[in-house]
Amino acid sequence: AISGVKFCHENPANAFNDNVISTFNLLNIAKKLKIKKVLIASSFSVNNFKSNPSYYGFTKYSTEQMAYSFRKNFNINVAILRFSNVYGSYSKHKISAIHNFIKSSLANKALKIHGTGKQSRDFIHVSEIIEKIFNIIKSKKLNFKYNLNTKKRTNLLNIVNALNSISNKKNKILFVKAPVGYDIKPDKTLNKKKINRKFYNSLQNTYSWYSNNL
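Presented here is an overview of the structure given in this document. Please read these numbers as outputs of a predicted model, since none were measured by experiment.

1. A closer look at the overall build of the protein chain
Logical step 1: Looking only at helices and strands, the protein chain has 7 helices and 8 strands in total.
Logical step 2: For the protein chain, with 214 residues in total, the buried portion stands at 42%.
Logical step 3: In the protein chain, the 37 positive side-chain charges and the 8 negative ones have mean positions that sit 2 Å from each other.

In structure tokens:
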């Protein structure tokens, strides 16, 4: 699937084909071959789709509704996995905040932040995602929806501060206009909250991987 608010907004036809049509094809094949379990990767962007209807969110919302229809009408054992913001090793292709920050830091370029940077996100390391998916695969009965997140939020400025510590340098910040559909609403409750040690260590490991693989 195609991820990313900006890319989907700029390439709506590609996003529709890769995210919606491909999901239909997979569900249809699962129906014909009587596949026992089908897991669909979705996004937390569906949660606030009505208040912030990004085109990326639309593609994920559409696939969830389609999966629900297949589950109810064709008895397909399908589950929706809503991912929060995933980061970690082997992600050079990703263009989300943490990945862009690390790439820019290593290249001695300014870290681009959409809006004020006070908007909060739930970030989850790829290892946690893998563990959660594996447990879902092993389960005998699938629920329809699973939230794969940490239930802890932090804002982008806190991540920049952590990367300053990890990189041992003061990274420059460039505040830029957010792309259409990008949520930049400040989370005032997290302005002074530091990231926890587990998140910091995972961020440090991710930075180390990038420094050895770029």
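Having seen the structure, we can now continue with the description.
2. Describing the sheet that holds strand 3 (residues 85-87)
Logical step 1: Read from one edge to the other, the open sheet built from 3 strands follows the order 3-5-7, with strand pairing classed as mixed. Each edge of the open sheet is held by one strand with a lone partner, namely strand 3 and strand 7 (153-155). For this sheet the average axis-to-axis angle between neighbouring strands, irrespective of direction, equals 55°.
Logical step 2: Where helix 6 (residues 156-167) meets the sheet, its contacts fall on strand 5 (120-125) and strand 7, and the angle it forms with strand 7 comes to roughly 75°.

3. A word on the pairing of strand 2 (residues 78-83)
Logical step 1: Burial analysis of strand 2 places 6 of its 6 residues in the buried class, which makes it a mostly covered element.
Logical step 2: Neither face of strand 2 is left uncovered, since the one carrying Val78, Ile80 and Arg82 and the one carrying Ala79, Leu81 and Phe83 both have all their residues buried.
Logical step 3: Examined bridge by bridge, strand 1 (residues 38-43) and strand 2 share 6 bridges and lie parallel to one another. Residue Ala41 lies in a different strand from strand 2, and its bridge partner there is Leu81.
Logical step 4: Handedness of the strand 1-helix 3 (residues 55-73)-strand 2 crossover: right-handed.
Logical step 5: As defined by bridge partners, strand 2 adjoins strand 6 (residues 145-148) across 4 bridges and the pair is classed as parallel. From the neighbouring strand, Arg82 faces strand 6, where its bridge partner is Asn147.

4. Notes on the packing of helix 2 (residues 12-33) against helix 3
Logical step 1: Packing of helix 2 against helix 3 leaves a shortest axis separation of 10 Å and a crossing angle of 15°. Taken together, the axes of helix 2 and helix 3 lie roughly parallel to each other. Remark: the crossing between helix 2 and helix 3 carries right-handed chirality. Between helix 2 and helix 3, the residues in contact are Pro12, Ala15, Phe16, Asn19, Val20, Thr23, Phe24, Leu27, Asn28 and Lys31 and Tyr55, Tyr56, Phe58, Thr59, Ser62, Thr63, Met66, Ala67 and Phe70, respectively.
Logical step 2: Of the residues that constitute the contact of helix 2 with helix 3, the class distribution is 12 nonpolar, 6 polar and 1 charged.

Reading the values: rules and limits
- Residues numbered from 1 in each chain as written.
- Predicted model: local features only at pLDDT ≥ 70, side-chain atom pairs only at ≥ 80, totals over all residues.
- Heavy atoms only, no water.
- Helix = DSSP H or I, 4+ residues; strand = E, 2+ residues; numbered from the N terminus.
- Buried < 20%, exposed > 50% of the residue type's maximum accessible area, 1.4 Å probe, protein only.
- Lys, Arg positive; Asp, Glu negative; His and termini not counted.
- Charge placed at Lys NZ, Arg CZ, Asp CG, Glu CD.
- Pairing = 2+ DSSP bridges.
- Axes fitted to C-alpha atoms, helices over the stretch in contact; angles between N-to-C directions.
- Contact = heavy atoms within 4.5 Å.
- Right-handed = clockwise from strand over helix to strand, strands pointing away.
- Parallel < 35°, antiparallel > 145°, perpendicular 65-115°, else oblique.
- Left-handed = near helix turned anticlockwise from the far one by under 90°.
- Nonpolar A, V, L, I, M, F, W, Y, C, P; charged D, E, K, R; others polar.

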